[in-house]
Amino acid sequence: MTQVLEAIVGLIWGDEGKGKSVDERATEIKEKNPGKRLVVVRYQGGNNAGHSTHVTLPNGKTIKFVTHAAPTGLTNNSDIAIGPSVAFNPESFFGELMQAQDLFNYDGRIMISERAGVLLDYHKLIDISRESSKAPSGKIGTTARGIGPFYEDNARRVTRITFHDYISTLFPKKLKEVLELKRHELEGLGININDLFLELVGRHEHVRKELAPFAKNLEYRLREYLNNGDSILIEGAQGTYLDVDLGSIPHVSSSHILAPHAFASLGLPRKLFRVIGVEKIYPTRVGDGILPTLSGPEFGEIVVERGVEVGASTGRRRRAGYPDWVLIKRAVMLNDCDEIFLTRADVIQDLDVKVCTGYNINGRVTDEVPFDLSTIISPVYLHQTFRWHLWDEPTGVDKETASRILRETRSRYVKEGFASLPTGLLDFVSMHDKYVGCPTIEIGIGPHRGETV
Ligand code: GDP
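Just so you know, the residues in each chain are numbered from 1, in the order the chain's sequence is written. A pLDDT threshold of at least 70 governs which residues receive local features in this predicted model, and a stricter bar of 80 or more applies before side-chain atom pairs are shown or counted, although totals over entire chains, interfaces and linings include all residues. The basis for every side-chain value is the complete set of heavy atoms in the structure, and neither hydrogens nor water enter the calculation.

## Some words on the state of the cysteines
Cysteine sulfur pairs qualify as disulfides if the two atoms are within 2.5 Å. Enumeration over the complete set of coordinates arrives at zero disulfides. Not engaged in a disulfide, the cysteine Cys-356 finds its nearest cysteine sulfur in Cys-337; these two sulfurs lie 18 Å apart. Summary of cysteine pairing: Cys-438 is not part of a disulfide, and the nearest cysteine sulfur, belonging to Cys-337, is at 5.4 Å.

In structure tokens form, the structure reads like this:
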């Protein structure tokens, strides 16, 4: 394997399986390129993301490790980097490092752009207060991690505290200035800014010192990877339909999520990278907002149960619908995808899978996603439905044996490749690729690292 340059991004509303996909790619690249470096880079969002990886430790035990602020590379011994457009929560990031320190060695593996803005307590307090406001028009259904208020402060410029400011001795001065500028808003929430100032300065002293060595002029450091033949994996958080401009407004996140923004913000050339879209085979949504193919007890509710569709960041239950290729086709276009990783084919086995290829809007059928999803009267489904069977659930054995049997079955598919998958699934994929105009190159059939065909 030679140098790998890829951006891995989500094609729906997040939770597509980006963490698992990046973790698998990183593990493969590390194994095949001993002696070469690999960096996994986060380019947007903050600790509102949640990537789960299932890691097998040297003692054979598998643990689930969830990162919110740190890129997935933390759990596979890759280098990790935080880009300038990230809402960087230093305490959350540091907490994940502490959690990882006994399991992984991260010495010399961490880079944080000096330009990254720092998210502090008051962003979260403002977010929570807005989300609990009595006026429904004030709520978006956010993860209440302060990301929206953070990006507002970034755009206002004078209220942006960069990572450079954060680690400098002038941090208290900068913080005081910013709190002064926000006095009106914070006092309106009953916050005493003098107390908040003292608390933040005291609490962050240790974290600032610990994180200071990681500050980098990131665009130049990433170029060194590029020029040395080292690999770069860019890891998206959230998904296409949460993009602040091109997502399902107003129920969107406040960052630029699409792959082109990754290249713009990291100063990396698109033409050298492959863009891979991660597509959960059925769409899910958490929080408010319309899901065009939302389905009930015949499909969606079964899927939510089987797929344990609960957010890694918030614990909120998701809603699920039939595969919606209209959404995916637009996401492929906007991200300029070269390839697709399809995840969770196992979750919908043995169900009749309908596929949406158009929307009925006021009696007219279109394959465009409208700005206002509420104008969709009904999804238009293909006449053909798909169904596949991957394995029988092991019965009459204890939990551990059942999980071992499932792992063996999955690894047989992995070993034997695409051709060994059931025809129903292969037909689905072949029609999918034709419709969305992009080839599927990997299919996920289980939650653990390596359970991908
Ligand atoms: P992200 O939010 O897009 O990063 O999503 P994650 O990578 O955190 O994935 C969410 C959950 O889905 C994790 O527990 C993954 O292990 C699980 N997952 C990912 N791909 C598959 C798959 O193909 N099959 C199953 N059953 N679970 C998967």
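## Thoughts on the sheet that holds strand E5 (residues 79-82)
Taken in spatial order, the nine strands of this open sheet run E9-E7-E5-E2-E10-E1-E11-E14-E18, and their pairing is parallel. The two strands at the open ends of the sheet, each matched to only one other strand, are strand E9 (215-216) and strand E18 (440-443). In short, DSSP must find at least two bridges between two strands for them to pair. Secondary structure follows DSSP: runs of H or I at least 4 residues long count as helices, runs of E at least 2 residues long count as strands, and numbering of each begins at the N terminus. Bridge count between strand E1 (residues 5-10) and strand E11 (residues 274-280): five bridges; the pairing is parallel. Of the residues in E11, the one forming a bridge with Val-9 is Gly-277.

## A few points about helix H14 (residues 423-436)
Multiplying one less than the number of residues by 1.5 Å gives the expected span of a helix. With 14 residues, H14 ought to run about 20 Å at 1.5 Å a step, and its terminal C-alpha atoms sit 20 Å apart, in line with that. The cut-offs for exposure are 20% and 50% of the maximum accessible area for each residue type, with area from a 1.4 Å probe on protein chains only; residues under the lower value are buried, those over the upper are exposed, and the others partly exposed. If you check which residues of H14 are buried, you get Gly-424, Leu-425, Phe-428, Val-429, His-432, Asp-433, Tyr-435 and Val-436. The buried residues of H14 occupy an angular sector of 160° when projected down its axis, which confines them to one face. Among the exposed residues of H14, those pointing more than 90 degrees away from its buried face are Thr-423 and Lys-434. Any two residues whose heavy atoms approach within 4.5 Å are treated as being in contact. Buried residues in H14 make contact with E11, helix H12 (325-335), strand E14 (339-343), strand E15 (356-361) and E18. Downstream of H14 by one or two residues, Gly-437 has phi in the positive range, about 75°. Picture the helix axis, draw a direction to every C-beta atom, and the arc is the one those directions span.

## Quick word on the site of the ligand
One heavy atom suffices: a residue is near a molecule or strand as soon as one of its heavy atoms comes within 4 Å of it. Of all residues adjacent to the ligand, which total 18 residues, the nearest are Lys-18, His-51, Ser-52, Arg-344 and Asp-346. In the analysis that follows, any N or O atom pair within 3.5 Å is treated as a polar contact, provided that within protein one partner can donate a hydrogen and the other can accept it, and provided that, for residues neighboring in sequence, both atoms belong to side chains. Within the contact set of the ligand, an oxygen atom lies 2.7 Å away from a side-chain nitrogen or oxygen of Arg-344. In this structure, a nitrogen atom belonging to the ligand sits 3.3 Å away from a main-chain N or O atom of Gly-446. Values of accessible area rely on a 1.4 Å probe in the Shrake-Rupley scheme; residue burial ignores everything except the protein chains shown. When the ligand sits alone it has 590 Å² of accessible area, and the protein chains cover 92% of it. Of all elements in the fold, only helix H1 (18-32) and strand E3 (51-56) reach the threshold of two or more residues within the shell around the ligand.

## Points about the sheet that holds E15
Spatially, three strands are ordered E16-E15-E17 in an open sheet, and the strand pairing comes out antiparallel. The open sheet has two edge strands, strand E16 (364-366) and strand E17 (378-381), and neither has a second partner. Sheet twist, expressed as the mean angle between neighbouring strand axes with direction ignored, is 35°. The pairing of E15 with E17 spans four bridges and is antiparallel. Opposite Asn-360, over in E17, you have Ser-378 as the bridge partner. To obtain each axis, a line is fitted to C-alpha atoms, and for helices this fit is confined to the stretch in contact; angles are then taken between N-to-C directions over 0 to 180 degrees.

## Concerning the pairing of strand E4 (residues 62-67)
Each regular strand carries side chains that alternate between the two faces of the sheet. Across the two faces of E4 the burial differs, with Ile-63, Phe-65 and Thr-67 buried and Thr-62, Lys-64 and Val-66 not buried at all. In this sheet, E4 lies alongside E3 in antiparallel orientation, the contact comprising six bridges. Paired with His-51 across the two strands is Thr-67, which belongs to E4. In this structure, the hairpin formed by E3 and E4 is closed by a connection of five residues, where Gly-60 is found at a positive phi of approximately 90°.

## A word on the environment of Asp-392
Within the secondary structure, Asp-392 is located in the loop between E17 and helix H13 (399-416). The class for Asp-392 is exposed, based on a relative accessible area of 60%. Distance in space between the C-alpha atoms of Asp-392 and Pro-58 is 30 Å, their sequence separation being 334 residues.

## Re the packing of helix H3 (residues 121-131) against helix H4 (residues 147-156)
Relative to each other, H3 and H4 sit at 120°, their axes nearing to 7 Å. With respect to H4, the axis of H3 lies oblique. Crossing geometry of H3 relative to H4 is assigned as right-handed. Contact residues: H3 offers Tyr-122, His-123, Ile-126, Asp-127 and Arg-130, while H4 offers Ile-147, Pro-149, Phe-150, Glu-152 and Asp-153. Under the scheme applied, nonpolar residues are Ala, Val, Leu, Ile, Met, Phe, Trp, Tyr, Cys and Pro; charged residues are Asp, Glu, Lys and Arg; polar residues are all the others, including Gly. Across the contact of H3 with H4, the residue classes break down as five nonpolar, one polar and four charged. For classification purposes, an angle smaller than 35 degrees is called roughly parallel, one larger than 145 roughly antiparallel, one from 65 to 115 roughly perpendicular, and anything else oblique. Left-handed is the label given to a crossing in which the near helix is rotated counterclockwise from the far helix by less than a right angle, and right-handed is the label when the rotation is clockwise.

These values are about where atoms sit, not about what they do.
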